Amino acid sequence: MRLPPFQDLLDGNREAVYRFLVAAVGHQDADDCFQETFLAALRAYPRLERSDNLRGWLLTIARNKALDHHRRQAQHPLPTAPIPEAAAPAANPDHTEVWSAVRRLPAKQMSAVIYRFVNDLPYRDIARLLDCSEEAARRNVHEALKKLRGATYE
Amino acid sequence: MSELELTLKLRGDLSRDAASVAARFAETADGSGALDVAYAMVDSPFGPLLVAASTRGLLRLAYPDEPVEALMAQLAEEVSPRILEAPGRLDPLRRQLDEYFAGSRRRFEFPIDWRLVHGFGRDVLRVTAHIPYGKVSTYGDVAVRTGRPKASRAVGNALGANPMPIVIPCHRVVRTGGGLGGYTGGVQRKERLLQLEGGAPR
């Protein structure tokens, strides 16, 4: 199969993947997850059987890496106190509490809401990425918004 | 759209951060062993040269007239689609090219990956690789040394298709009567390289 040079994938999708990861794991860890995402993609690339949805493929890998990251953090929570806001001025200057609530959502809802609002994807594409119906994708976003409202504007 | 939904847009321009994180990925990839082709742009008196190397060695050196997209497509198809701009792998060659153009280097010490050159073409380029700095050889000489004394025309074609000009010094092969002959990068560049080396034919 004829695949484009990997550099084209990196150039064309680095921002979408990075935005997804900043939303899903925060600025601090987005860089490492980005490296893991593209490295997994590079390793698997020559065996890829379709090239019609490379962005979707990368965003799926990014989601898996973000979920791995959450799992690791749940298993080995940092022993130190959380870093004070002032120490990380670049990380989400506003609405920090919204983003931590996003990261506490169930996996599918978290991915759905980030794909929808951060990556601006239509529900049809979100359904494809989450391997569910369009209706289920909508429901996941709806549920996520409801929880976020509850968590942040109570 | 609600305030919450607007917040979820993740305001702020992340394109510069994304660019630097992606640039760091080139190093990650090169260190992983999964990067089959690394390329870099190298400044030269002829303009930016594109150089590409596998883990075995140099595959390609291209003058600025060759469109980068076509080069990438060729490498993706004939070598591997796992290609990235990863200058680290080519740093030693970049330094050597700088020295060569400054007149302080007479031979390149960078491994060659011959996989883009086949058959007789490879024989011709291997013979050519041994022509010393500052010396010239003729198409006929090269033909003799490949064991096919009547093949000077085929030698010319093989040199014209040299995927690694400068490093494999096809500019050092000239016509028997003293004419320069052709060159993959244009005959003016051939002349300039020969002048640089002080071996221009009289």
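Residues numbered from 1 in each chain as written. Chains lettered and ligands numbered in written order. Predicted model: local features only at pLDDT ≥ 70, side-chain atom pairs only at ≥ 80, totals over all residues. Heavy atoms only, no water.

**Student:** Any chance you could explain the overall build of chain B here in plain terms?
**Tutor:** The helix and strand inventory of chain B stands at eight helices and six strands. The N-to-C order of helical and strand elements in chain B reads α-α-β-β-β-α-β-α-α-β-α-α-β-α. Scaling as 2.2 N^0.38, a compact globule of 202 residues should have a C-alpha radius of gyration of about 17 Å, whereas chain B reaches 21 Å, well beyond that. Its C-alpha atoms give chain B principal-axis dimensions of roughly 80 × 35 × 30 Å. Summed over all atoms, the accessible surface of chain B reaches about 9,600 Å², with 48% contributed by carbon and sulfur. (Helix = DSSP H or I, 4+ residues; strand = E, 2+ residues; numbered from the N terminus. Rg over C-alpha atoms; globule rule 2.2 N^0.38 Å. Areas by Shrake-Rupley, 256 points an atom, 1.4 Å probe, with all protein chains shown as cover.)

**Student:** Explanation requested: the nonpolar core in the structure shown.
**Tutor:** The nonpolar side chains of a soluble globular protein tend to be buried with one another. One finds Phe34(A), Leu8(B) and Phe25(B) to be the most contacted residues of the largest nonpolar core, which totals 67 residues. Ranked by the residues each element gives to this core, the list is headed by helix H1 (residues 6-25) of chain A, at eleven residues. (Core = buried A, V, L, I, M, F, W, Y, C linked by side-chain atoms within 4.5 Å. Buried < 20%, exposed > 50% of the residue type's maximum accessible area, 1.4 Å probe, protein only.)

**Student:** Explain the packing of H1(A) against helix H5 (residues 107-117) of chain A here, please?
**Tutor:** Residues and elements named next belong to chain A. For the pair H1 and H5, the least separation of the axes is 10 Å and the interaxial angle reads 135°. Classified by the interaxial angle, the pair formed by H1 and H5 is oblique. Handedness of the H1/H5 crossing: right-handed. When H1 is examined against H5, the residues Phe20, Ala23 and Ala24 are found in contact with a partner set consisting of Met110, Ser111, Ile114 and Tyr115. (Axes fitted to C-alpha atoms, helices over the stretch in contact; angles between N-to-C directions. Parallel < 35°, antiparallel > 145°, perpendicular 65-115°, else oblique. Left-handed = near helix turned anticlockwise from the far one by under 90°. Contact = heavy atoms within 4.5 Å.)

**Student:** Whenever I open this one, a negative patch on the surface confuses me. Can you help?
**Tutor:** A contiguous patch of negative charge on the surface is contributed by Asp8(A), Asp11(A), Glu69(B) and Glu85(B). Mapping Glu85(B) onto the fold places it in strand E4 (residues 83-85). Exposure remark for Glu85(B): the relative accessible area of 35% places this residue in the partly exposed category. (Patch = residues over 30% accessible without salt bridge, like charges linked within 9 Å, V, L, I, M, F, W, Y side chains within 5 Å. Salt bridge = Lys/Arg side-chain N within 4 Å of Asp/Glu carboxyl O. Lys, Arg positive; Asp, Glu negative; His and termini not counted. Charge placed at Lys NZ, Arg CZ, Asp CG, Glu CD.)

**Student:** Teacher, can you tell me more about the interface of chain A and chain B here?
**Tutor:** Where the parts come together, the accessible area they lose is often given as the size of the interface. Residue-level contacts link 38 residues of chain A with 35 residues of chain B. Surface buried jointly by chain A and chain B totals about 3,300 Å² across both partners, of which 66% is contributed by carbon and sulfur atoms. Here chain A and chain B share five salt bridges between them. A salt bridge links Lys9(B) to Asp120(A); its shortest N-O distance comes to 2.9 Å. Our count for the chain A to chain B interface comes out at eleven residue pairs in polar contact (both at pLDDT 80 or more). Those elements that provide at least two residues to the side of chain A that touches chain B are H1, helix H2 (27-44), helix H4 (96-103), H5 and helix H7 (134-152) of chain A. (Buried area = accessible area lost by both parts, 1.4 Å probe. Polar contact = N/O pair within 3.5 Å; in protein donor to acceptor, adjacent residues only side chain to side chain.)

**Student:** Could you clarify how one ought to interpret unusual backbone geometry in this entry?
**Tutor:** With the exception of glycine, the majority of residues adopt a negative phi angle, and the majority of peptide bonds are in the trans configuration. One non-glycine residue, Asp120(A), adopts positive backbone phi at about 60°. Tracing the chain through its elements places Asp120(A) in the loop between H5 and helix H6 (123-130). With phi around 75°, Ile166(B) is a residue other than glycine that occupies positive phi space. Within the secondary structure layout, Ile166(B) lies in the loop between helix H7 (152-160) and strand E6 (173-174). For Ile166(B), a relative accessible area of 0% translates into the label buried.

**Student:** Even after reading the chapter, I still don't get the sheet that holds strand E3 (residues 58-62) of chain B, so can you show me in this structure?
**Tutor:** Pairing between sheet strands relies on hydrogen bonds along the backbone, with the strands arranged either parallel or antiparallel. All names here are of chain B. Read across the sheet, four strands follow the order E3-E2-E1-E4 without closing on themselves; strand pairing throughout is mixed. Of all strands in the sheet, those with a lone pairing partner are E3 and E4, marking the two edges. Averaged over all pairs of adjacent strands, the angle between their axes in this sheet comes to 20°, without regard to strand direction. Inspection of the sheet shows strand E1 (residues 37-42) paired to E4 by three bridges, in the parallel sense. (Pairing = 2+ DSSP bridges.)

**Student:** Sorry, what's going on with H4(A) here?
**Tutor:** Count 3.6 residues to each turn of an α-helix, and residues three or four apart come out pointing the same way. Three or more residues of H4(A) are buried, namely Val98(A), Trp99(A), Ala101(A) and Val102(A). Projected onto a plane normal to the axis of H4(A), the buried residues spread over an arc of 160° and lie on a single side. (Arc of directions from axis to C-beta.)

**Student:** What exactly am I supposed to notice about the domain arrangement of chain B here?
**Tutor:** All names here are of chain B. Domain parsing of chain B yields domain 1 (16-101) and domain 2 (117-197). Placing a centre on the C-alpha atoms of domain 1 and another on those of domain 2 gives a separation of 25 Å. Taken together, the contact between domain 1 and domain 2 spans 14 residues of the former and 14 residues of the latter. Summed over both partners, the interface of domain 1 with domain 2 comes to about 1,300 Å²; 65% of that surface belongs to carbon and sulfur atoms. The largest share of the area that domain 1 buries against domain 2 comes from Phe46, Tyr63 and Tyr100, three residues that together contribute 52% of it. Summed over the shared surface of domain 1 and domain 2, the number is one salt bridge. (Domains from an automatic or database assignment.)

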